[in-house]
Amino acid sequence: MAIRTLIVDDEPLARRRLMRLLGESADVEIVGQCQNGAEAIEAIGRDSPDLVFLDVQMPGADGFAVLEAIAADRLPMIVFVTAYDQYAIQAFEAQAIDYLLKPFSRERFEKMMVRVRSASVRGESDRLARQVLALLKQDRNGGDSLRLVARSVGSVSLVNVEDVDWIQAEGNYARVHTARASQLVRETLSSLSSRLPRRFRRIHRGIIVNVDRVAELKPGPRGDYVVILRNGTRLRFSRRFRHEWPEIFGAV
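Residues numbered from 1 in each chain as written. Predicted model: local features only at pLDDT ≥ 70, side-chain atom pairs only at ≥ 80, totals over all residues. Heavy atoms only, no water.

Chemist: Quick rundown of the overall build of the protein chain? Include the residues and the values.
Modeler: Each helix and strand in the protein chain was counted, giving 8 helices and 15 strands. Looking at the 252 residues of the protein chain, the share that counts as buried comes to 48%. Of the contacts made within the protein chain by residues no fewer than 6 positions apart, 52% connect residues no fewer than 24 positions apart. For the protein chain, the accessible surface area stands at approximately 12800 Å², while carbon and sulfur atoms represent 47% of it. (Helix = DSSP H or I, 4+ residues; strand = E, 2+ residues; numbered from the N terminus. Buried < 20%, exposed > 50% of the residue type's maximum accessible area, 1.4 Å probe, protein only. Contact = heavy atoms within 4.5 Å. Areas by Shrake-Rupley, 256 points an atom, 1.4 Å probe, with all protein chains shown as cover.)

Structure (structure tokens):
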């Protein structure tokens, strides 16, 4: 069975070289090529490739941000492509199959393909994908360094968690509100709540709030409460989540 492969690189020459080298392998099927992170996220979600050659540094979203945006069940084998040595260590920490340091030789490319084929034959792609995802979801510094991948038409941007005021459910996605904008994150509210720092608390089935942004709490009309943020935003605090109250506001 052919290894379905996607090439992601913002440099046309780099994409063409990989296309040429991969085209010489009878067991590789190239399913597409992308020139930025937004295209990569769309293509991986749409085509479910087995293998992705992923440039580390790209406009809008780097290679690691692309991985953060991919659903766990769609994460393929990864070969990072980079012009910078310091990313090699990061690539292996992310349990990538291998990395290619630009400019790479044909010999280095062929050695990398040996590793790819070996992992594919042993059925290790799922294990490696889980390891990549686990690393990306780690809260390295108590969560303060966590970034959320927000998407809009034709673009992907990164939102620092410390900039977030509150988050609301929007179908299977979540809308993240900061002082500057509201942006859509391709992740459910439940998934976000499991990896956000503890200062982010659920106050309603469809709302998570950054406790540091809360200015006031007032009784509501139906036995619930209204949370007022420093910027004046008013949010419903459901009694269903009253177990969160003591830690957030003290006894109510």
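Chemist: Describe the packing of aromatic side chains, with residues and values.
Modeler: On inspection of all chains with the given rule, the structure shows 2 aromatic pairs. When the centroid spacing of 6.4 Å and the interplanar angle of 20° are considered together, the rings of F104 and F109 count as stacked. Each member of the aromatic cluster is reached from another via a ring pair, and the members are F53, F104 and F109. The ring of F104 carries R17 above its face, with NZ or CZ at 4.7 Å from the centroid. (Phe/Tyr/Trp six-rings, centres within 6.5 Å; stacked < 30°, edge-to-face > 60°. Lys NZ or Arg CZ within 6 Å of the ring centre and 35° of its normal.)

Chemist: How would you explain unusual backbone geometry if you had to name every residue and give the values?
Modeler: Not every positive phi belongs to a glycine, and S48 is a case in point at roughly 45°. Along the chain, S48 falls in the loop between α2 (37-47) and β3 (51-55).

Chemist: Give a description of the nonpolar core that names residues and reports values.
Modeler: The nonpolar side chains of a soluble globular protein tend to be buried with one another. Core analysis: the largest hydrophobic core is formed by 21 residues, its most contacted members being L6, V8, V52, L54, V66, L67 and F80. Listed by contribution, the elements that provide at least two residues to this core are β1 (3-8), α2, β3, α3 (63-68) and β4 (77-82). If one sorts the elements of this core by residue count, α2 sits on top with 4 residues. Ignoring sequence-local partners within four residues, the contact set of L6 consists of V31, G32, Q33, C34, A40, A43, I44, P49, L51, V52 and F53. (Core = buried A, V, L, I, M, F, W, Y, C linked by side-chain atoms within 4.5 Å.)

Chemist: Describe helix α1 (residues 12-23), and please don't skip the residues or the numbers.
Modeler: Relative to the 16 Å expected for 12 residues at 1.5 Å per residue, α1 spans 16 Å between its end C-alpha atoms, a close match to the ideal helical length. For α1, the set of buried residues is A14, R15, L18, L21 and L22. The arc that holds every buried residue of α1, seen down its axis, measures 135°, which confines them to one face. Exposed and facing more than 90 degrees away from the buried side of α1 are L13 and G23. Where the residues of α1 are buried, they touch β1, β2 (28-34), β3, β4, β5 (98-101) and α5 (106-121). (Expected span 1.5 Å × (residues − 1). Arc of directions from axis to C-beta.)

Chemist: Describe in detail the sheet that holds β5, supporting the description with residues and values.
Modeler: Taking strand neighbours across the sheet as the criterion, the 5 strands line up as β2-β1-β3-β4-β5 in an open arrangement whose pairing is parallel. The open sheet has two free edges, formed respectively by β2 and β5, since each of these has just one partner strand. Taken over all neighbouring pairs, the strand axes of this sheet differ in orientation by 20° on average, direction set aside. Bridge analysis of β4 against β5 gives 4 bridges, and the strand direction is parallel. Counterpart to V81 in the pairing with β5 is L100. Each of β1, β2 and β3 touches α2; the most contacted strand, β1, lies at about 165° to it. Set on the sheet, α5 makes contact with β1, β2, β3, β4 and β5; between it and β5 the angle comes to about 165°. (Pairing = 2+ DSSP bridges. Axes fitted to C-alpha atoms, helices over the stretch in contact; angles between N-to-C directions.)

Chemist: Describe the sheet that holds strand β14 (residues 225-229), listing the residues and the values that go with them.
Modeler: Sheet architecture is open: 3 strands sit in the order β13-β14-β15, paired in antiparallel fashion. The open sheet has two free edges, formed respectively by β13 (214-219) and β15 (234-237), since each of these has just one partner strand. Averaged over all neighbouring strand pairs, the angle between strand axes comes to 30°, with direction disregarded.

Chemist: I'd like a rundown of the environment of I203, residues and numbers included.
Modeler: With respect to the helices and strands, the residue I203 is situated in strand β11 (residues 200-204). Distance from I203 to R242, taken between C-alpha atoms, is 7.9 Å for residues 39 residues apart in sequence. Setting aside chain neighbours within four positions, we find I203 in contact with V209, V227, L235, R236, F237, S238 and F241.

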